[in-house]
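# Structure at a glance
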Amino acid sequence: MTEVCKDIDQGLAALNRKIDAQNQRIRELERKQQQCCEGNQGDGNADLSQILKRLKKAETDILELGGVLKSVIDDLKDLLDAATEHSETANQSQGIFSAIIDFFVDE
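The sections below set out a description of the structure shown in this document.

How each quantity is defined
Residue positions are counted from 1 within each chain, in the order its sequence is given. For a predicted model such as this one, the threshold for reporting local features is a pLDDT of at least 70, and the threshold for listing and counting side-chain atom pairs is 80 or more; totals across whole chains, interfaces and linings nevertheless cover every residue. By convention in this description, side-chain values take in all heavy atoms of the structure and omit both hydrogens and water. Strands here mean DSSP runs of E at least two residues long; helices mean DSSP runs of H or I at least four residues long; both are numbered from the N terminus. Only protein chains enter the calculation, and the probe is 1.4 Å; a residue is then buried if its accessible area is under 20% of its type maximum, exposed if over 50%, and partly exposed in between. Between the rings of Phe, Tyr and Trp (Trp by its six-membered ring), a pair exists once the centres lie within 6.5 Å; its type follows the angle of the planes, with under 30 degrees stacked, over 60 edge-to-face, and the other angles tilted. Here, a salt bridge means any side-chain nitrogen of Lys or Arg that lies within 4 Å of a carboxyl oxygen of Asp or Glu.

Before going further, it helps to examine the overall build of the chain. From N to C terminus, the chain includes 2 helices and 0 strands. Looking at the chain as a whole, 9% of its 107 residues are labelled buried.

What follows concerns the packing of aromatic side chains. Using the criterion set out here, one finds 1 aromatic pair in the structure. Look at F103 and F104: their rings are 5.4 Å apart centre to centre, the planes differ by 75°, and that puts the pair in the edge-to-face class. Residue F104 is classed as exposed on the basis of its relative accessible area of 58%.

Here the structure, examined in full by the defined rule, presents 6 salt bridges. A salt bridge links K32 to E28; the shortest N-O distance between them is 3.8 Å. With K32 and E28 both in helix α1 (residues 2–39) and 4 residues apart, the pair spans about one turn of that helix. The salt bridge involving K77 is made with D81; its shortest N-O contact spans 2.7 Å. On the criterion of helical spacing, the pair formed by K77 and D81 is a turn pair, its members being 4 residues apart in helix α2 (residues 49–106). Taking the relative accessible area as the measure of exposure, K77 reaches 49% and is therefore partly exposed. On the basis of relative accessible area, D81 is assigned to the partly exposed category, the value being 38%.

Structure representation (structure tokens):
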């Protein structure tokens, strides 16, 4: 059971690292956008190609993160299902062994 918990903890840690990385990238984009906007106030002919390029990349990264999140959630569900199945099997085995021991102890 502790092995399953370790796997879940590792999955959650990986998910947190991905979320933190995406948040950092978004903060950086916001900072650069703010710098760009401050530097181009009043300039109606500003070149937005770099911002649009970064925005497109951010959109792609966010969609990719959604896929990663779905994968992690699916993996966690599989781990929890396996842990539940293992627990049920262990309980059944314990019942069988208890019955055998009781049989020999009562004899």
